[in-house]
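Observations on the three-dimensional arrangement
Single-letter residue listing:
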Protein chains: 2
Amino acid sequence: MERVWLLDTTLRDGTQAEGISLTVTDKLRIAKKLDDLGIAYIEGGFPAANPKDQEFFRRARTELVLRHAKLAAFGSTRRPSVRAEDDEGLRALLASGAPVVTIVGKAWDFHVHEALRVSLEQNLDMISDTVAFLKRHGREVIFDAEHFFDGYRHNPEYAVATLQAAEAAGVDWVTLCDTNGGSLPGQVAEVVRAVRSRVKVPIGIHTHNDGDLAVANTLAAVEEGATMVHGTINGIGERCGNANLISIIPNLELKLRRPCLPTPDHLRLLTETARYVCEIANLVPHSYQPFVGHSAFAHKGGIHVSAISRNPETYEHIPPELVGNTRRVLVSELSGLSNLLHRAQEMGLDTSGKTEEMRELLQEIKRMEYEGYQFEGAEASQELLLLRAFGDYKEAFEVLSMRVVASQHSGSDITAEAIVKLAVGGQTVHTVAEGNGPVNALDNALRKAIQPFYPAIETMHLTDYKVRVLDEKEGTAAKVRVLIESTDGHQVWRTVGVSENVIEASWEALVDSIQYFLLCVAKAQPAAV
Amino acid sequence: MERVWLLDTTLRDGTQAEGISLTVTDKLRIAKKLDDLGIAYIEGGFPAANPKDQEFFRRARTELVLRHAKLAAFGSTRRPSVRAEDDEGLRALLASGAPVVTIVGKAWDFHVHEALRVSLEQNLDMISDTVAFLKRHGREVIFDAEHFFDGYRHNPEYAVATLQAAEAAGVDWVTLCDTNGGSLPGQVAEVVRAVRSRVKVPIGIHTHNDGDLAVANTLAAVEEGATMVHGTINGIGERCGNANLISIIPNLELKLRRPCLPTPDHLRLLTETARYVCEIANLVPHSYQPFVGHSAFAHKGGIHVSAISRNPETYEHIPPELVGNTRRVLVSELSGLSNLLHRAQEMGLDTSGKTEEMRELLQEIKRMEYEGYQFEGAEASQELLLLRAFGDYKEAFEVLSMRVVASQHSGSDITAEAIVKLAVGGQTVHTVAEGNGPVNALDNALRKAIQPFYPAIETMHLTDYKVRVLDEKEGTAAKVRVLIESTDGHQVWRTVGVSENVIEASWEALVDSIQYFLLCVAKAQPAAV
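Residues numbered from 1 in each chain as written. Chains lettered and ligands numbered in written order. Predicted model: local features only at pLDDT ≥ 70, side-chain atom pairs only at ≥ 80, totals over all residues.

Formally: UniProt positions are given in the numbering used here, feature names are shortened, and annotations may be inferred rather than shown by experiment.
As named in an unreviewed UniProt entry, chain A is Citramalate synthase, taken from Alicyclobacillus cellulosilyticus. Its UniProt record, at the heading Sequence similarities (unreviewed entry), says of chain A: "Belongs to the alpha-IPM synthase/homocitrate synthase family." Looking at the Pathway (unreviewed entry) heading of the UniProt record, one finds this comment for chain A: "Amino-acid biosynthesis; L-isoleucine biosynthesis; 2-oxobutanoate from pyruvate: step 1/3."

And the structure:
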């Protein structure tokens, strides 16, 4: 079957979503992840409209090594009264250095009059000039025909004429956009079929989810011959979002048997990719999300569970491992115990004859998870729990007390000061330090206390600090979970803390992080002082 | 056009969702709301499997007065070795008193062998006996043919035979179920078309969302002649959920022009119904949800906004008020002056002749967004910025100083104490309060200071508190953005704060939230003290 070419626009159309704001570094990290998944085109931004996007393309040239994907820059057709070579927007597209350019233009006569305020002929000239100019500069050019389906309903001849103008100018792809997201699959199929008889250039489809039909509309277009699909990870985008590639990819690969990733194995990265983008964009993953959600293969009903254990095909449309997800049978303690034993063995702990203690520890972990802890992203905290239960582990220091004061006087900057008292290396140490905020002050005071005993602490630093509010509806009395990532330049480890108090949760994760470091690196021989 | 009959199964299939648990009172409240919306059938529960559901039907008989809906009770075909009149499950259905009964039976030969472990003929007898028994007792009977589409793919003759067995026994409806949720719209359309030529009884459609196609599959079935639609509010249900009635209803009414509610006016209750069910089920509303989401008609891109203000049809597939939602224009780094002017006009501010000041304010907003502020989720903070720039606005109180102390002594719980000094109502007020954490302590101290002057503060409380770490790679010295949502029981507003110090960011959002409240409610007349 013919390949379908995916264009991911998470970094461009996706950032139009309410509440989404990505830094340039975030965008580079996501681009890398999209390339790993095997996306063919990554639309990185709109350089003429956004200086941050210019910086993205500038940094991408040196920092981003792509194996599968080509970068695309997005822009509009030239302005009405300007030659293509003098149009600033088009110059910004060339300056981006992206080998592929996506150009949006008007396909609905109503918009040409109402929004652009030029004649129908002028709009066709703008399209063909723009495409020809970019082709002369050696770019692969995609023409996004905005509002194509609405336009086709009102004036099919004109809508098709915009595609033909782009085609005549040498465009590589024309994309039919359901910009307002209100079309139905039957309408999309009919229009794509009609367009295929009028143009020879390959056709792309770009849908929005306002009618909750973006995935179905995309598949309908592919079934009628579209060979490029635009969408975003998890469907993020303006209003109700774009077509969700995370749903489209497995439907193409597994249901329609249309390859769209470099190999079938790439599909196994789907769940990881979806969750990674949530993490970077600070979106709570949607538990019920098709294919990749935490609940997507979770079986709750008793009848379902017993049927599933005989034959998973009874209540699963696909095997979850094909998309990197896992089956979960809710209310199952046995799997927990075997996981925990596996982990202890990996750490070299002797758990023989300690099944009862393991069961108790498992209960403790379940209680902690119920309270909001999450050990999947905090293996170091989990190892410390196991060591405290089963190892002859002695912590390198003990916290006797801590105090943080943050204060502000009319208009001046806030100050933060932390005081900690530790038992370390047989002594009691009392230190004070300032910081940018309370947690930074605590970090500084802790290091100041430990440094004389364990100079290696200088090599360790925090690389990531995440705060997630659990039970958000409780307002400022809600619990928070803090995840801290640390490194000593060689290895990376993660710890977790949970509390109604953001300082306490941070402190817990911070102390665990340093304890773990001292355990691994120093093997806990205090230096002589 | 022929009416489509809606069957809502939020209270039965919806409760199979992971993390959903409804009390009997919750279920009665939701049933009332579904009836207000004009749903034709409400499937209230599975009385044979669940004593709580028996209680629901018992209480419904006296407490629930329905104007539009009929209650349906759900159960299985009789057990293999038992006569219908001796089957406990069927007796529980009759005892429920529900005038409508939904009976699920096997339609996939594989399941008859694998899960039920009876012969194909025995299964047909079970179906017809069960239907005939319930019809003899005067019930309206719906036969849910489980796994119909998977069954039809493997053994079409047998799948159809199960429907014919129900039809011959006098069933009122047969429902084709895509139980595993893996079918595609084209497959559904083809099967419904084939079935219509084999049975005369009206056909229902029941889909699940495992392929992200439940809404499209439902519409495909209706277009081929199905006249009953099963689904749940917001699509909640096992794994990835059921077909989402909140998306299906407006697609039927507005796109396919098929009436499914008592009057077109009932459609205006859609948004309220969706949010109500989230509230009762303790689910966070999905901001990007089609039709009813907070972001569903939110416009962010500058080009979009200037077009929308001329003619909303340019970037909206339907007018939001038809489904009880509202248009929102977001002011963000991607947007321009037109968004800001639109917003000021909505607030009733006179901006005539102040284009330069508006431009300056826009620059200020862009600078703040560059620093990490995000106003699109924090309209109240944005309104305060506009008021400070253009209104004759005086803040209800001024912060003179604040201090927070968080401390912990070896092993004991952490304590948090906040001290604030305000100028309010012509006086200087100095208060101290404790809290679960530093932000909660600040909230308490602030309220304590303000309450004597503005007793209305009692009616206001925080409903959401979000922390996002920006530039997470900076570790504990990174900037954080805090978003706070508050309500007084009538309206909801959101404010934002940004700082390297989580306490300062929270404090900023907290102070804005209270200032905004005092501005709106009290119109800032301090009470005499």
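There's more to say after this.
Quick word on the overall build of chain A
Operational definition: Runs of H or I in DSSP of at least four residues are treated as helices and runs of E of at least two as strands, each being numbered from the N terminus. Working definition of burial: number of other C-beta atoms within 10 Å of the residue's own, with buried at 20 or more, exposed at 12 or fewer, and partly exposed in between, all C-beta atoms being placed from the backbone.
Helix and strand counts for chain A come out as 17 helices and 16 strands. Counting over 529 residues, chain A shows a buried share of 53%.

Some thoughts on the interface of chain B and chain A
Our working definition: The contact criterion used here is simple: two residues whose C-beta atoms, placed from the backbone, lie within 7 Å are in contact. For this classification, Asp, Glu, Lys and Arg are treated as charged, while Ala, Val, Leu, Ile, Met, Phe, Trp, Tyr, Cys and Pro are nonpolar and the rest, including Gly, are polar. For two strands to count as paired, DSSP must find a minimum of two bridges between them.
The partner chain A presents 95 residues to the 97 residues of chain B that form the contact. Among the elements that line the side of chain B that touches chain A, the one with the most residues is strand β11 (residues 397–409) of chain B, at 11 residues. When the residues that make up the side of chain B that touches chain A are grouped by side-chain class, the tally is 39 nonpolar, 36 polar and 22 charged. Where strand β11 (residues 397–409) of chain A and β11 of chain B come together, 9 bridges link them in antiparallel fashion. Bridge assignment links His409 of chain A to a residue of β11 of chain B, and that residue is Ser401 of chain B.

Comments concerning the environment of Lys70 of chain B
All names here are of chain B. Along the chain, Lys70 turns up in strand β3 (residues 70–76). Sequence-wise, Lys70 and Pro99 are 29 residues apart; in three dimensions their C-alpha atoms are separated by 7.0 Å. The contacts of Lys70, once residues within four sequence positions are left out, are Tyr41, Pro99 and Val100.

Some words on unusual backbone geometry
In this structure, Arg239 of chain A is a non-glycine residue whose phi angle is positive, near 60°. Arg239 of chain A gets classed as buried once you count the C-beta atoms within 10 Å, which come to 27. Of note, the phi angle at Asn234 of chain B is positive, near 65°, even though the residue is not glycine. Tracing the chain through its elements places Asn234 of chain B in the loop between β8 (228–231) and α10 (245–255). A residue is classified by how many C-beta atoms lie within 10 Å of it, and Asn234 of chain B, with 27 of them, is buried.

Some words on the UniProt feature "domain: Pyruvate carboxyltransferase" (unreviewed entry) in chain A
Using the residue numbers shown here, the UniProt feature "domain: Pyruvate carboxyltransferase" (unreviewed entry) corresponds to residues 4–271 of chain A. Along residues 4–271 of chain A the backbone is 43% helical and 17% strand, and the end-to-end C-alpha distance reaches 20 Å.

A short note on the pairing of strand β2 (residues 41–45) of chain B
Residues and elements named next belong to chain B. Note the cut-off: Crossover handedness is defined here as right-handed if the route from the first strand over the helix to the second strand goes clockwise, with the strands pointing away from the viewer.
Extensive coverage of β2 is indicated by the burial of 5 of its 5 residues. Across 2 bridges, the pairing between strand β1 (residues 5–8) and β2 is parallel. Looking across to β2, one finds that Leu7 is bridged to Tyr41. Crossover β1 to β2 through helix α1 (residues 24–37) is right-handed. One ladder, built from 4 bridges, connects β2 with β3; its direction is parallel.

Remarks on the confidence of the model for chain A
All names here are of chain A. This is how it is decided: pLDDT runs from 0 to 100 and stands for how confident the predictor is about each residue.
With 93% of its residues at a pLDDT of at least 70, chain A reaches an overall mean of 89. With pLDDT under 50 throughout, residues 331–335 is counted as low confidence; its partners more than four residues away or in other chains account for 0 contacts. Taken together, the stretch residues 524–529 has pLDDT below 50 and engages in 12 contacts with residues farther than four places along the chain or on a different chain. Taken together, the chains of this predicted complex give a pTM of 0.74 and an interface ipTM of 0.75.

Focus on helix α3 (residues 88–95) of chain A
Residues and elements named next belong to chain A. Inclusion rule: Note: the arc covers the axis-to-C-beta directions of the helix.
Of the positions making up α3, those classed as buried are Leu90, Ala92 and Leu93. Taken around the axis of α3, the buried residues stretch over an arc of 155°, which confines them to a single face. Those residues of α3 that are buried lie in contact with α2 (51–63), β3 (70–76), β4 (100–106) and α5 (120–136). The first or second residue beyond α3 is Gly97, which carries a positive phi of 80°.

Some points on the packing of helix α9 (residues 214–223) of chain A against helix α10 (residues 245–255) of chain A
Residue and element names in this part refer to chain A. Threshold: Orientation is described by lines fitted to C-alpha atoms, with helices fitted over the stretch in contact, and by angles between N-to-C directions that extend from 0 to 180 degrees. Whether a crossing is left-handed or right-handed is set by the direction in which the near helix is turned from the far one by less than a right angle, anticlockwise for left-handed and clockwise for right-handed.
Interhelical geometry of α9 versus α10 gives an angle of 35° and a closest axis separation of 10 Å. Every pair of crossing elements has a handedness; the one defined by α9 and α10 is right-handed. Mapping the contact onto sequence places Val215, Thr218, Leu219 and Val222 in α9 and Ser247, Ile248, Asn251 and Leu252 in α10. Taken together, the residues of the contact of α9 with α10 sort by class into 5 nonpolar, 3 polar and no charged.

Details of the nonpolar core
One recurring pattern in soluble globular proteins is that nonpolar side chains are buried together. Condition: Here, a nonpolar core denotes buried Ala, Val, Leu, Ile, Met, Phe, Trp, Tyr and Cys residues that are linked to one another through C-beta atoms within 7 Å.
Membership of the largest hydrophobic core comes to 210 residues, with the highest contact counts inside it found for Ala72, Phe143 and Leu176 of chain A together with Ala72, Phe143 and Leu176 of chain B. Residue contacts for Phe143 of chain A: discarding those within four places in its chain leaves Ile103, Gly105, Ile127, Val131, Ala166, Val171, Trp173, Val174 and Thr175 of chain A.

Considerations on the sheet that holds strand β14 (residues 461–469) of chain A
All names here are of chain A. With respect to topology, 3 strands assemble into an open sheet ordered β14-β15-β16, the strand pairing being antiparallel. For this open sheet the edge positions go to β14 and β16 (492–499), each flanked by a neighbour on one side alone. Taking each pair of neighbouring strands and ignoring which way they run, the sheet shows an average axis angle of 15°. Across 8 bridges, strand β15 (residues 480–487) lies against β16 in antiparallel orientation. Of the residues in β16, the one forming a bridge with Glu485 is Arg494.

Thoughts on the domain arrangement of chain A
So the rule is basically this: For the domain bounds, the source is a domain assignment made automatically or taken from a database.
Entries for chain A in the domain assignment read domain 1 (5–281), domain 2 (298–329) and domain 3 (397–522). A straight line from the C-alpha centre of domain 1 of chain A to that of domain 3 of chain A covers 45 Å.

As for the pairing of strand β6 (residues 173–178) of chain A
Walk down a regular strand and you will see the side chains alternate between the two sheet faces. Residue and element names in this part refer to chain A. Within β6, 6 of the 6 residues are buried, which leaves the element mostly enclosed by the surrounding structure. Side chains of β6 alternate between two faces, with Trp173, Thr175 and Cys177 and Val174, Leu176 and Asp178 buried alike. Two elements, strand β5 (residues 140–146) and β6, share 4 bridges in a ladder whose sense is parallel. If you follow Ile142 over to β6, its bridge partner there is Trp173. Two strands pair when backbone bridges link them, and β6 and strand β7 (residues 203–207) are joined in this way by 5 bridges, in the parallel orientation. Along β7, the bridge assignment pairs Cys177 with His206. As a crossover connection, the stretch from β6 through helix α8 (residues 185–196) into β7 is right-handed.

Structural notes on the packing of α1 of chain B against helix α2 (residues 51–63) of chain B
Residue and element names in this part refer to chain B. The condition that has to hold: Comment on the angle field: the value is read as roughly parallel under 35 degrees, roughly antiparallel over 145, roughly perpendicular from 65 to 115, and oblique elsewhere.
Contact pair α1 / α2: the axes reach a minimum separation of 9 Å and the direction vectors enclose 50°. Our classification of the angle between α1 and α2 gives oblique. When you trace α1 past α2, the crossing you get is right-handed. In this structure, α1 uses Val24, Lys27, Leu28 and Ala31 to contact α2, whose residues at the interface are Lys52, Glu55, Phe56, Arg59, Ala60 and Glu63. In terms of residue class, the contact of α1 with α2 is built from 5 nonpolar, no polar and 5 charged.

Describing the environment of Glu379 of chain B
All names here are of chain B. Within the secondary structure, Glu379 sits in helix α15 (residues 379–390). Judged by local crowding, Glu379 falls into the buried class, with 21 C-beta atoms found within 10 Å. Here the alpha-carbon distance between Glu379 and Thr495, two residues 116 residues apart in the chain, equals 6.8 Å. Filtering out sequence-adjacent residues up to four positions away, Glu379 remains in contact with Trp493 and Arg494.

Regarding the environment of Ile30 of chain A
Residue and element names in this part refer to chain A. One can find Ile30 in helix α1 (residues 24–37). Judged by C-beta crowding, with 23 C-beta atoms within 10 Å, Ile30 ranks as buried. Ile30 sits 246 residues away from Tyr276 along the chain, and the two C-alpha atoms are 8.0 Å apart.

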